[in-house]
Number of protein chains: 6
Amino acid sequence: MKVIVSIGGSVLAPEVGSERVGAYADAIESLSDAGHELGIVVGGGPTAREYIGAARDLGADEMELDNLGIAVTRLNARLLIAALDNRAAPTPPTDHETALEAFRHDDIPVMGGTVAGHTTDAVATGLAEYVDADLLVYATSVPGVFDADPNEDPEATKYDSLSASELLDVVSGIDLDAGSNAPVDLLATKLLERSGLAAVVIDGSDPEGLASAIDGDHSGTDIVPDSTEHR
Amino acid sequence: MKVIVSIGGSVLAPEVGSERVGAYADAIESLSDAGHELGIVVGGGPTAREYIGAARDLGADEMELDNLGIAVTRLNARLLIAALDNRAAPTPPTDHETALEAFRHDDIPVMGGTVAGHTTDAVATGLAEYVDADLLVYATSVPGVFDADPNEDPEATKYDSLSASELLDVVSGIDLDAGSNAPVDLLATKLLERSGLAAVVIDGSDPEGLASAIDGDHSGTDIVPDSTEHR
Amino acid sequence: MKVIVSIGGSVLAPEVGSERVGAYADAIESLSDAGHELGIVVGGGPTAREYIGAARDLGADEMELDNLGIAVTRLNARLLIAALDNRAAPTPPTDHETALEAFRHDDIPVMGGTVAGHTTDAVATGLAEYVDADLLVYATSVPGVFDADPNEDPEATKYDSLSASELLDVVSGIDLDAGSNAPVDLLATKLLERSGLAAVVIDGSDPEGLASAIDGDHSGTDIVPDSTEHR
Amino acid sequence: MKVIVSIGGSVLAPEVGSERVGAYADAIESLSDAGHELGIVVGGGPTAREYIGAARDLGADEMELDNLGIAVTRLNARLLIAALDNRAAPTPPTDHETALEAFRHDDIPVMGGTVAGHTTDAVATGLAEYVDADLLVYATSVPGVFDADPNEDPEATKYDSLSASELLDVVSGIDLDAGSNAPVDLLATKLLERSGLAAVVIDGSDPEGLASAIDGDHSGTDIVPDSTEHR
Amino acid sequence: MKVIVSIGGSVLAPEVGSERVGAYADAIESLSDAGHELGIVVGGGPTAREYIGAARDLGADEMELDNLGIAVTRLNARLLIAALDNRAAPTPPTDHETALEAFRHDDIPVMGGTVAGHTTDAVATGLAEYVDADLLVYATSVPGVFDADPNEDPEATKYDSLSASELLDVVSGIDLDAGSNAPVDLLATKLLERSGLAAVVIDGSDPEGLASAIDGDHSGTDIVPDSTEHR
Amino acid sequence: MKVIVSIGGSVLAPEVGSERVGAYADAIESLSDAGHELGIVVGGGPTAREYIGAARDLGADEMELDNLGIAVTRLNARLLIAALDNRAAPTPPTDHETALEAFRHDDIPVMGGTVAGHTTDAVATGLAEYVDADLLVYATSVPGVFDADPNEDPEATKYDSLSASELLDVVSGIDLDAGSNAPVDLLATKLLERSGLAAVVIDGSDPEGLASAIDGDHSGTDIVPDSTEHR
């Protein structure tokens, strides 16, 4: 099975030195041993927030902040690569073409961000489409897609499944409202909708969740492609 | 004045061989002679549509379609560069860093697209922020921002001015509704909102409009930054 | 069998959207399925002519015209790659080293031009030599090599076979005479002569001709290496 | 005056978010305003140590650790660039040629490391030689070169001045003794000796020290070139 | 005056360590001091012949031989750059775009070859066209263009002047005849003819000849553009 | 067995055209046939010395001299690649990441130098660590490590075996003493010590020595890792 996984930075490593990185490496190696073809995209997490905060205080503009964040995502990618013991392409691909080439030659590409304005969820979605993935997994800090912010609203209900266009409705409501965090960002969702890919949003705090998601036996939210007629 | 201009592909050249390209080159040269520092981003237009249509029929995925489109935008950039007679950087920069470098060394960067999933309007917005532009001009196929689709609704009214967050409200209504064309796409608008840049949406069918936009004497729509308190 | 194919731009796609591209993709896939190792170089065709004509009107110099042409050849290469469904290297190699690497790792390299002053026939000839090809196929708009221009002279006779140095004599007579089109250009012929490769010139309007050429059962012209003593 | 400055990572930012970065940016801008031509190389500091420690626990080899460290030095370079407000080349040069090019076109190159096995002190020394610098400043965590480790030996005496070959004697004694920190590492010292450059080792905790070093009015250690006869 | 100079490898350095390189550097510096804008392309000479001969004995193909030759031309370019004391771009540009960029930013580009199958004379001709040169100088091992091979035929007569198309007639006679050396190779001549540039062929053994050629006071052969009507 | 070999330039080719290159190619092919995975790094030798001498006379600085030397090492790498008949990656990798990628995809990477200040022995040591080699072979111009310079002291005794830290003691004594040649340079030795790799120093004048070294049946000096406790 061809699977692309987007792992949020805080999910991969709540702090530098977390044992989570090693656990993710183990989970990825097991899936690779089981014959799955994998590609990974990781986020920035706490180190990104530190550097971006410092740069903002120094007067950096938003593009420079994004570029700092991208540099940290690639640093995190290198950390995961170091843990993956010769399964991964040795350097984080910086564009989709290079990642695709690694994927086709049986190396696991481990990417960070690519360009300012693009989230790592969007990078993962593009990669999934590019390799024609069977499944795209968003391993996030929330356990799925809810009809309201579960941190704010105790009655928020998790969707078991929704279509990409329904996700887009949910996300665009949240994303345009400053201060809220969508489970998947708007650009990624738009790319997902047009791609017709199958995806799942899961709680990334347990790396074992990857295997469950691939087995279709997870407690997150399935995102099913809209009927393809209108494409 | 530092000015970044996003010129839609159909605006730059309604068909290959159009005299519009030469007229844009003349307009850009005049502004450069007048001491303005310029950066240009051009779109794909009819050639992009032809190649994308052909590739879609051949079974290409959305990433491949985007990459074909990007290749055409760079082809259009080369065409405009050829017309600009040694004012422009000789090759279209393929990322913002290279464009910034050209800009700082008094060459006019003429870019096309950068990565799949990113429109040329978004590229231009990022470049404007990166060079700390005084003005960002979207030269589009509509004469400004309207409260409804002017092609559909005869009562649609053009805004003389609106804030970036108001534009975001207008665009997100349109953009998520398949089949409609927003004057500026959603990603570009989001980048614009966070940047705090001054921008203007003008009818791109007359290259002379660039000078008018810079003089503040245009008939399009001004996009004014939101108050900066909340940034 | 290692086979490099040079497909003229007008041969690949008489116009954008032609079904010929898909037919070529099918022919290439069949040959790949049959165990042949393939490399493809495509030309610019009508889109190249349109852009070059437009740029010439805008005052571009010959180097800029060549570079526009090269950009279109790569666009055509992307179109054919999109049709080839994961057999081809995902991006058109821009130099021989990258193409060779793809070839060695079982991806089909699909190139366009490389540098100004070099035709795609010359690129294909260099690639054929670099991969030590068993056969180089020039799929052109004429059905072989003639002793005169078949469009002008009704008595022009097609050669069934001639040596590389004989081809060089034929081509240098034609190529230096402005307005005429040689079946293979002079630089490519010179590279072919020094390489000692076996080649064939066939009518490219029927993609099935590739298989016939490989089987040695074609109606074009065989180019046989000169005896290798003098090399 | 052409001046290259090597700023240790812990010196530049004892922790992420330190005000030291802004103070260094101010000092560099003042020197630039005063007409000095500058190039900067920064180290990795605490973030590098965190990532390297985490990777070591995950089983990374020394090359991977070096590469992580280099990635952090470039992150730090981006942070300083963001603070330098359009004086610096927009991205950290990753090799000396690119840095030299920025230097010659009046941008301040701000580099991190280049390749595994090479310290940022060595990078700075190479850059100083490449741009033919008048002065090379090592801004370190010790206030100069001592005849013993000042942290261990209260009677350690600081040299006011010593030749490059004398520095080499001092450093090679320390550097080969695991666990000790030389004020300048062995490779950098060897490059310095062969270069014949004038250098100074100063306490980097006060960014104002750069101006003092350039004025020749510092309290660190001058490294004077050996007589040039033997070169 | 914008001047591109093609210096044959044996002309630049009859052997490694020749004083000729320093003399050429002096000549180029004088012309630069006099306000001329210069670009240089150098050939391979004896070191290229040695390596190519060795590789041929080891079974290399023609592409590999060309690539070895190109590597030596770039080595020679580095040698001349080292002698040019900060006038030249620090590394030899490997394509025309990079060379043009250096040229426009007041660095002297010193190139070697670019791709297999392309001579350094052809590279120089392309560069001349790209920078819109006022003069292209071929500094060769023969003192001009003759109506026969001056080494073979004592009655060979030097042309004072001939048109580019006349040169093409002369060269195509010689170039296709194995074993002979044309003063300018066929590809370069074809590029020259289409470019409409003014050129001169001079004896390269005296670097002072560059100044004479620029002054129009040389004893070589002027190549004058064909009338431009037919272009 | 994974084996990285560092071949000194004078060892590979005492002069250009030496039969030694072909003999090394044969030895490498035999080892590859026997199932060993190989990576090769070659030095500069006599051509490097000629160019460096010429450049020094022309006033080049040490960085430029190093860069010339690196260019020659890559030229030598191309020569060996040409002899290796499609076993080697077609172009010499210029950094460790590219070399590792070739190594993992069953091409033999043949590298020269990477950056100024880094010897080819150091490059080989880094590559050995990067690919996690079982053995690193230094094929040098001396038959092993001695307790004194064998050319000077007739009583110099060769070590059969010594630890990496003992080698470091030997080398640092020699290397800092101008005019002497260490069997392995100081930077390479330091990288070797930290890597914990097994290595051997052999007389490179007989290419058959590679097989003997791999068999553990050589007459050179074994370098054994220090006990790994202190790492």
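So, how was this worked out
Residues numbered from 1 in each chain as written. Chains lettered and ligands numbered in written order. Predicted model: local features only at pLDDT ≥ 70, side-chain atom pairs only at ≥ 80, totals over all residues. Heavy atoms only, no water. UniProt positions renumbered as here; feature names shortened; annotations may be inferred. Least-squares fit on C-alpha atoms with pLDDT ≥ 70 in both. Contact = heavy atoms within 4.5 Å. Pairing = 2+ DSSP bridges. Helix = DSSP H or I, 4+ residues; strand = E, 2+ residues; numbered from the N terminus. Axes fitted to C-alpha atoms, helices over the stretch in contact; angles between N-to-C directions. Parallel < 35°, antiparallel > 145°, perpendicular 65-115°, else oblique. Left-handed = near helix turned anticlockwise from the far one by under 90°. Nonpolar A, V, L, I, M, F, W, Y, C, P; charged D, E, K, R; others polar. Buried area = accessible area lost by both parts, 1.4 Å probe. Salt bridge = Lys/Arg side-chain N within 4 Å of Asp/Glu carboxyl O. Polar contact = N/O pair within 3.5 Å; in protein donor to acceptor, adjacent residues only side chain to side chain.

In the annotation of an unreviewed UniProt entry, chain A is listed under the name Uridylate kinase and assigned to Halovenus rubra. The record in UniProt for chain A states the following under Sequence similarities (unreviewed entry): "Belongs to the UMP kinase family." The Pathway (unreviewed entry) field of the UniProt record for chain A holds the comment "Pyrimidine metabolism; CTP biosynthesis via de novo pathway; UDP from UMP (UMPK route): step 1/1."

(A) How the structure looks around the relation of the copies chain A and chain C. Rotating chain A by 120 degrees and moving it 0.0 Å along the rotation axis overlays it on chain C with an RMSD of 0.0 Å. Such a combination of turn and shift is consistent with a three-fold rotation axis. Among all residues of chain A, the one whose C-alpha sits closest to the rotation axis is His105 of chain A, at a distance of 4.7 Å. Both copies present different contact surfaces, since only 20% of the interface residues of chain A are interface residues in chain C too.

(B) Geometry of the sheet that holds strand β5 (residues 161-163) of chain E. Residues and elements named next belong to chain E. On the basis of which strands lie adjacent, the open sheet formed by seven strands has the order β3-β2-β1-β4-β6-β7-β5 and mixed pairing. Strand pairing shows two members of the sheet lacking a second neighbour, β3 (110-111) and β5, which therefore form its edges. With five bridges connecting them, strand β4 (residues 135-140) and strand β6 (residues 199-203) associate as parallel partners. From the neighbouring strand, Leu136 faces β6, where its bridge partner is Ala199. Packing of helix α5 (residues 96-104) onto the sheet brings it into contact with β1 (2-7), β2 (37-42) and β3, and relative to β2 it is tilted by some 150 degrees.

(C) Structural detail: the relation of the copies chain B and chain C. Structural alignment of chain B on chain C gives an RMSD of 0.0 Å, achieved by rotating through 180 degrees and translating 0.0 Å along the axis. These values place the two chain copies in the arrangement generated by a two-fold rotation axis. Of all interface residues in chain B, 100% are interface residues in chain C too; the two copies therefore contact each other through one and the same surface.

(D) Representation of the packing of helix α5 (residues 96-104) of chain B against helix α6 (residues 120-130) of chain B in the model. Residues and elements named next belong to chain B. Their axes nearest at 10 Å, the elements α5 and α6 cross at an angle of 50 degrees. Regarding the angle of α5 to α6, the classification is oblique. As α5 runs across α6, the sense of the crossing is right-handed. Mapping the contact onto sequence places His96, Glu97, Ala99 and Leu100 in α5 and Val123, Gly126, Leu127 and Tyr130 in α6. Its residues assigned to classes, the contact of α5 with α6 shows five nonpolar, two polar and one charged.

(E) The arrangement of the interface of chain A and chain C in detail. Counting from both sides, the interface comprises five residues of chain A and, opposite them, eight residues of chain C. Note on chain A versus chain C: buried area summed over both sides is about 590 Å², and carbon and sulfur give 43% of it. Contact with chain C buries surface across chain A, with Glu97, Arg104 and His105 of chain A losing the most and accounting together for 69% of the total. The interface formed by chain A and chain C contains one salt bridge. With a shortest N-O distance of 3.0 Å, Asp107 of chain C and Arg104 of chain A are connected by a salt bridge. Across the chain A-chain C interface, the total number found is four residue pairs in polar contact (both at pLDDT 80 or more). Considering each element in turn, the side of chain A that touches chain C owes the most residues, three residues, to helix α5 (residues 96-104) of chain A.

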